[in-house]
Amino acid sequence: MMNIPLSITSTIHDWLFSIMPEGAATFTEWILIATAYLALFAVAGLYLVLLERKVAAWFQFRLGPNRVGPWGIFQTIADALKLVSKEIYSNERVDKFLFNLAPYFVIVASLMAMAVFPFSKQFQGFDINIGVFFLFAISSIGVIGLLVGGWASNNKYSLIGAMRSGLQTISYELSVGLSILTMVLLTGTLQLSEIIEVQRTGGWLIFQGHIPAVIAFMIFMIAGTAETNRAPFDLVEAESELGAGFHTEYSGMQFAYFFLAEFINMFIIASIAVVLFFGGWLSPFGITEGITWFPEVLWFVIKVFMIILLMMWFRWTFPRLRVDQLLTLEWKYLLPINMVNLVFMAIVIWLNFTL
Amino acid sequence: MEQLTNNKIKTEEYFVNMGPQHPAAHGVLRLLLTIDGEIIKNVDPDLGYIHRSIEKMCERNSYQQIVHLTDRLDYLSSHINNGAVCLAVEKALELEVTDRVKVIRTIFDELTRLASHLLWWGVMGMDLGALTTYFYAFRDREMINDIFEETCGARLTMNYYIPGGLMFDLHPNFVKRTKEFLVTIKKNLPEYDRLLTGNVIFQKRTKGVGILTKEDAISFGTSGPVARGSGVTCDVRKIHPYHAYDRVDFNEVLFTEGDTFARYKVRMQEMWESISIVEQLIDKIPEGDIKVPTKAVIKLPKGEFYQKVEAARGELGVYINSTGTKNPYRLKLRSSGFSNLSVLNHIAKGGKIGDLVAIMASFDFVIPDIDR
């Protein structure tokens, strides 16, 4: 099994260890990997922004960005350059320390989550045995950034947005957690690579777990969309109510961090969905099973983009919920359904009804 | 113990300025909100940010010039506003315009109402977070603007009606393009329903929100779709027909629930009524003159004259007090938005911030109309 990423990384690995002492080589490797992930993060974020704008345009009889480069592919790079070169400006009487700290919470949380992404068998930064738990734990740190940013901005709209984000993320984490738990019950492991390996023989988990798995997937998609603060759950930055919500007062790169983090979070939610329900890097029906040169990462990316397109479809179709309806949906519907579903899944596994 | 916690942890009401620059206000309306957490305790509208003293300007202008100023009131129903002043002047002069003018004015008024309601629909969806509606609505509104542009050369401030008739004759393409538009809009309106009206989130956001009872609707002097959503019969086109409304067959749309969804349904249904009115008249535009000659300087007889019309947002009244000179002594405009705004605090109290935005969207405020 010679995979392309593996062949490159092992070459670099051997070369580094041949020219340096062991400690220095390991350290250099860490830095190289971190840089590679940062670059990946930036590119993924930028191009998700472009995809979102294009998808929005297709939904709305528009062309979308099409001036900078062919089909506007350099548009987001131009936007990023603009944001980098802008002044970082803050309001009067803000809490300077917290104000400047908030974007880093958000961005670091998203970045750390990327470390465990199983892009393919050989392309995974950090394959720990509590992978799912780690992803889930890290991705909920981000909300601290939103709360702190909204509080420190000295702006009432930001404060309302921050409070909304707090209650929304805390509530919907329960549903995300429980629907993940339902699937973990089926796999019997928290390690991402093993969850995928389970699906190599038994088929994708959404088919293995059939009815409870489908319910879990639907709840996961609803709660996941809410976790990323996207429409129809974008109360945090409901522009017709709060201007721009918690990031109203941010400018330049600080704003860009919030903005990119939202897209990376979407990527994270889509990745969890792909790993837990759609077989991660595995090909559908094993069509590329025997082809050794085929980059498995391609399947992972394709599936993730399908889920992301679904989330964008939600965003450009649905109106926004009201804050009390948001909480009613979670505490009165999703959470009870989820708990019953968990028991249902346990019964299905106990009676060996899995496909 | 409970007493102690209650003393320590207390909540406070706070003030938020919604506007004058706020995405939901559609203009420079400043709402001073008193909020307890998310719950609205009081809404205090503060006007004057776009006051241009139009009524005062009317006092020094001739009657032909006044028509132009009315475009700037409710800029989304400028034909109807022009019509109100023209009708008032014609009433004072006891001038009978030709049938052709009456029919053309009716068609233009209804197309204006359609364009205005289309824009409202797009913006209502946008206020509730469904951004796509905006582009759907603007796509179709653009066709109406193109039709207007061909005939009168303008897309927003029309200045097409003059006292005694119309400024120009119809463009030769007018009938053909209007028919094309009718085909398109009849195909697209059901699509609007599929996109927004049937959406469960949309219905949850609007049903039972901002209920305006029939008694309140009458006592606050609301008019137009807002009053008709509460079951008040107030369509000026039916009660005091003007233009050619007495010879077309249409229904006054009434819903009795009085909530945001009822106001939404009134406007959606009114679009169908407008389409039907235009359809009835488009093949029957009589031949004739497009204007009755008036003197170059119109002098109204001494006295008071009042004319009301049904604008897209409700009743628009023009009161002229003339002393027999070429300018009015006093011209008062009764705009629907101002009266409708007065009921906002009454029905938005106790709701959430999101409810206020939904109610504002269903009222369809145009701020230059409120703040003349």
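The structure displayed is predicted, hence computed values, not measured ones.

A. Fine view of the overall build of chain A. A tally of helices and strands in chain A yields 14 helices and zero strands. Relative to the compact-globule value of 20 Å for 355 residues, chain A shows a C-alpha radius of gyration of 21 Å, a close match. Considering only C-alpha atoms, chain A reaches an extent of 60 × 60 × 45 Å along its principal axes. Across the 355 residues in chain A, those meeting the buried criterion constitute 43%. Long-range pairs, those at least 24 residues apart, make up 79% of the contacts in chain A between residues at least 6 apart in sequence.

B. Structural view of the overall build of chain B. Along chain B, the regular secondary structure elements total 16 helices and eight strands. Its C-alpha atoms give chain B principal-axis dimensions of about 85 × 50 × 35 Å. Relative to its full complement of 372 residues, chain B shows a buried share of 49%.

C. Spotlight on the sheet that holds strand β8 (residues 328-334) of chain B. Residue and element names in this part refer to chain B. Read across the open sheet, the three strands follow the order β6-β7-β8; overall the sheet is antiparallel. The open sheet terminates on both sides in strands that have one partner only, identified here as β6 (303-311) and β8. Along the sheet, successive strands turn relative to each other by an average axial angle of 15 degrees, direction set aside. Two elements, β6 and strand β7 (residues 314-322), share nine bridges in a ladder whose sense is antiparallel. Counterpart to Ala-311 in the pairing with β7 is Gly-314. Along the sheet, helix α4 (residues 78-93) makes contact with β6 and β7, crossing β6 at roughly 150 degrees.

D. Summary view of helix α4 (residues 96-114) of chain A. All names here are of chain A. When the terminal C-alpha atoms of α4 are compared, their 29 Å separation across 19 residues agrees well with the 27 Å that a helix rising 1.5 Å per residue should span. Along α4, the residues that are buried comprise Phe-99, Ala-102, Pro-103, Phe-105, Val-106, Ile-107, Ala-109, Ser-110, Ala-113 and Met-114. If you follow the buried residues of α4, they end up packed against α2 (22-59), α5 (131-139), α6 (142-152) and α12 (252-277).

E. Here's a closer look at the sheet that holds strand β1 (residues 14-18) of chain B. Residue and element names in this part refer to chain B. On the basis of which strands lie adjacent, the open sheet formed by three strands has the order β1-β2-β3 and antiparallel pairing. What marks the edges here is a single partner per strand, and that holds for β1 and β3 (39-46). When strand polarity is set aside, the average angle formed by the axes of neighbouring strands in this sheet is 25 degrees. Of the strand pairs in this sheet, β1 and strand β2 (residues 30-36) are connected by five bridges, and their pairing is antiparallel. Each bridged residue has a counterpart across the sheet, and for Val-16 the counterpart in β2 is Leu-33.

F. Focus on the interface of chain B and chain A. Contact with chain B, which involves 25 residues of that partner, is made by 23 residues of chain A. Within the residue set of the side of chain B that touches chain A, elements represented by two or more residues are β1, α5 (99-127), α6 (132-152), α8 (200-206) and α15 (353-363) of chain B. When the residues that make up the side of chain B that touches chain A are grouped by side-chain class, the tally is 13 nonpolar, five polar and seven charged.

G. Quick peek at the packing of α5(B) against α15(B). Residues and elements named next belong to chain B. Remark: α5 packs on α15, axes separated minimally by 9 Å, with the N-to-C direction vectors making an angle of 180 degrees. As summarised for this structure, α5 and α15 are arranged roughly antiparallel, according to the angle between their axes. Residue-level inspection shows Val-123, Met-124 and Asp-127 of α5 in contact with α15, the latter providing Val-357, Ala-358, Ala-361 and Ser-362. Here the residues of the contact of α5 with α15 are counted per class, giving five nonpolar, one polar and one charged.

H. Region of interest: α6(B). The first and last C-alpha atoms of α6(B) sit 30 Å apart over 21 residues, in line with the 30 Å expected at 1.5 Å per residue. Among the residues making up α6(B), those that are buried are Thr132(B), Thr133(B), Tyr136(B), Ala137(B), Asp140(B), Arg141(B), Met143(B), Ile144(B), Ile147(B), Phe148(B), Thr151(B) and Cys152(B). Contacts made by the buried residues of α6(B) are with α2 of chain A together with α5 and α7 (174-197) of chain B.

I. Expanded view of unusual backbone geometry. Backbone geometry places Asn229(A), a non-glycine residue, at a positive phi of 60 degrees. For Asn229(A), the location among the structural elements is in the loop between α10 (210-227) and α11 (239-242). Even without being glycine, Glu94(B) reaches a positive phi, approximately 55 degrees. By the secondary structure assignment, Glu94(B) is in the loop between α4 and α5.

Calculation criteria
Residues numbered from 1 in each chain as written. Chains lettered and ligands numbered in written order. Predicted model: local features only at pLDDT ≥ 70, side-chain atom pairs only at ≥ 80, totals over all residues. Helix = DSSP H or I, 4+ residues; strand = E, 2+ residues; numbered from the N terminus. Rg over C-alpha atoms; globule rule 2.2 N^0.38 Å. Buried ≥ 20, exposed ≤ 12 C-beta atoms within 10 Å, placed from the backbone. Contact = placed C-beta atoms within 7 Å. Pairing = 2+ DSSP bridges. Axes fitted to C-alpha atoms, helices over the stretch in contact; angles between N-to-C directions. Expected span 1.5 Å × (residues − 1). Nonpolar A, V, L, I, M, F, W, Y, C, P; charged D, E, K, R; others polar. Parallel < 35°, antiparallel > 145°, perpendicular 65-115°, else oblique.

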